[in-house]
Amino acid sequence: MLAAVPACESTREPSQGVRSVPTPPGPATALGVVVRNGYIDAHIGPQPGLRFFFPSDETCRGILYEEARVIYVRRGSLGRVEGPDGTMCSAVGIASLREWRDRGPRPRIDRPLPRSPVSFRVVYRDDDLVFARGRFPLASQVGWARGEDTIALLPTGEACKASIESGVGSMEFRSSGRVPFQIVSGGQNCPIVGFVLPLPDPR
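The notes below deal with the structure included here.

Definitions and limits used
- The written sequence of each chain sets the order in which its residues are numbered from 1.
- Owing to the predicted nature of the model, reporting of local features is limited to residues with pLDDT of at least 70; listing and counting of side-chain atom pairs is limited to 80 or more, with chain, interface and lining totals taken over all residues.
- No hydrogens and no water enter the side-chain calculation; it runs on all heavy atoms of the structure.
- The way it works is that DSSP assigns letters per residue, a run of H or I at least four long becomes a helix, a run of E at least two long becomes a strand, and they are numbered from the N terminus.
- Only protein atoms enter the 1 Å grid used here, on which a cavity is any set of points holding a 1.4 Å probe that cannot leave and a pocket is any open set flanked by protein within 12 Å on both sides along at least five of seven lines; residues with an atom within 4 Å of a point are listed as lining.
- Grid points are joined across faces, edges and corners, and a volume is the space filled by probe spheres set on the points.
- Residue types Ala, Val, Leu, Ile, Met, Phe, Trp, Tyr and Cys, when buried and joined through side-chain atoms within 4.5 Å, form a set referred to as a nonpolar core.
- Burial classes follow relative accessibility: with a 1.4 Å probe on protein chains only, a residue under 20% of its type's maximum area counts as buried, one over 50% as exposed, and anything between as partly exposed.
- Note on definitions: a residue-residue contact is assigned when non-hydrogen atoms from the two residues lie within 4.5 Å.
- Criterion for a salt bridge: a side-chain nitrogen of Lys or Arg within 4 Å of a carboxyl oxygen of Asp or Glu.
- We call a pair of cysteine sulfur atoms a disulfide when they lie within 2.5 Å.

**Quick notes on unusual backbone geometry**
So, step 1. Although it is not a glycine, Asn 37 adopts a positive phi angle of roughly 55 degrees.
So, step 2. Here Asn 37 is to be found in the loop between β1 (26-36) and β2 (39-44).
So, step 3. Of note, the phi angle at Glu 67 is positive, near 65 degrees, even though the residue is not glycine.
So, step 4. Within the fold, Glu 67 resides in the loop between α1 (58-63) and β4 (69-73).

See below:
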């Protein structure tokens, strides 16, 4: 039986509608921890782990730091991590899309390569990632039900330059292979790294 959620839990349960979590619950380690744009980016689990995004609030920062020992709990859509004192932090984003796609039966595809138009605006960028907020309807292929208003994570390489500059393109989903999602724009194929829920404004 799952324990009751402590009063100091960091965030309310996200409602992405993701069907299951492709990693076993239990003891885990936080690795590659980086704070980006109000989120904590971390791999959770036995190496190499699955890559999640969490709110960068006081509770989550107290739980998630490099090589922190945590308990991963399969609770809610994306799961949560629990610190030694029982405080908990819920994931709000995923960045291991191949594992999420492959966690169970493959989606039923009616045509060889599903495509859908996307439009977005860049809300943040650093040396590694661009946060692009907008409409990404094919995210539902991995059970992400918030594709009408979500943040897609894009790498900051040359392959994504046309997509990032234009803010539009054609999103593609592949049911096999290393890259489940990409944006085609300006003759370039920009891989999508992950999906993250927009956080409420701090005010």
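**Some details on the layout of surface pockets**
Empty space among the atoms can be located by rolling a probe the size of a water molecule over them.
So, step 1. In this model, the second largest pocket occupies a volume close to 220 Å³.
So, step 2. Contributing to the lining of the second largest pocket are Arg 51, Ala 95, Ser 96, Leu 97, Arg 98, Glu 99, Arg 178, Val 179, Pro 180, Pro 191, Ile 192 and Val 193.

**A short note on the nonpolar core**
So, step 1. Ranked by internal contacts, the top residues of the largest apolar core, which has 51 residues, are Ile 44, Phe 136, Leu 154, Ile 192 and Phe 195.
So, step 2. Residue contacts for Leu 154: discarding those within four places in its chain leaves Phe 120, Asp 128, Leu 129, Val 130, Ala 132, Cys 160, Ile 164, Ile 183, Cys 190, Pro 191, Ile 192 and Val 193.

**Quick notes on the pattern of salt bridges**
So, step 1. Across all of its chains, the model carries 9 salt bridges by this definition.
So, step 2. Its salt-bridge partner being Arg 51, residue Asp 41 comes within 2.7 Å of it at the nearest N-O pair. Linking Asp 41 in strand β2 with Arg 51 in strand β3 (residues 50-55), this pair joins segments that are 10 residues apart in sequence. Accessibility classification places Asp 41 together with Arg 51 in one group, the buried group.
So, step 3. Connected through salt bridges with shared partners, the residues Arg 36, Asp 41, Arg 51, Asp 126 and Asp 128 form a single ionic network.

**Some points on the side chain of Ser 163**
So, step 1. Position of Ser 163 relative to the elements: it lies in helix α3 (residues 161-166).
So, step 2. Exposure remark for Ser 163: the relative accessible area of 0% places this residue in the buried category.
So, step 3. The contacts of Ser 163, once residues within four sequence positions are left out, are Phe 120, Val 168, Ile 183, Ser 185 and Cys 190.

**Quick word on the environment of Cys 89**
So, step 1. Structurally, Cys 89 can be placed in strand β6 (residues 88-90).
So, step 2. Separated by 32 residues in the primary sequence, Cys 89 and Asp 57 have C-alpha atoms spaced 9.3 Å apart.

**Description of the environment of Val 196**
So, step 1. Looking at where Val 196 falls in the secondary structure, it is placed in strand β14 (residues 194-196).
So, step 2. Under the relative-accessibility criterion, Val 196 is labelled buried at 0%.
So, step 3. Between the C-alpha atom of Val 196 and that of Ile 94, which follows or precedes it by 102 residues, the distance is 6.4 Å.
So, step 4. Setting aside residues up to four positions removed in sequence, Val 196 forms contacts with Tyr 39, Phe 53, Val 92, Gly 93, Trp 144, Thr 150, Ile 151 and Leu 153.

**Comments concerning the state of the cysteines**
So, step 1. Considering all chains together, one arrives at 2 disulfides under this definition.
So, step 2. A sulfur-sulfur distance of 1.9 Å marks the disulfide that ties Cys 60 to Cys 89. Since a negative S-S torsion denotes a left-handed disulfide, the Cys 60-Cys 89 link at about 100 degrees is right-handed. Pair noted here: Cys 60 is in helix α1 and Cys 89 is in strand β6, with a separation of 29 residues, a long-range link.
So, step 3. Its relative accessible area of 0% is what places Cys 60 among the buried residues.
So, step 4. Bridging Cys 160 to Cys 190, the disulfide has an S-S length of 2.0 Å. In this structure, the disulfide formed by Cys 160 and Cys 190 twists by about 90 degrees around the S-S bond and is classed as right-handed.

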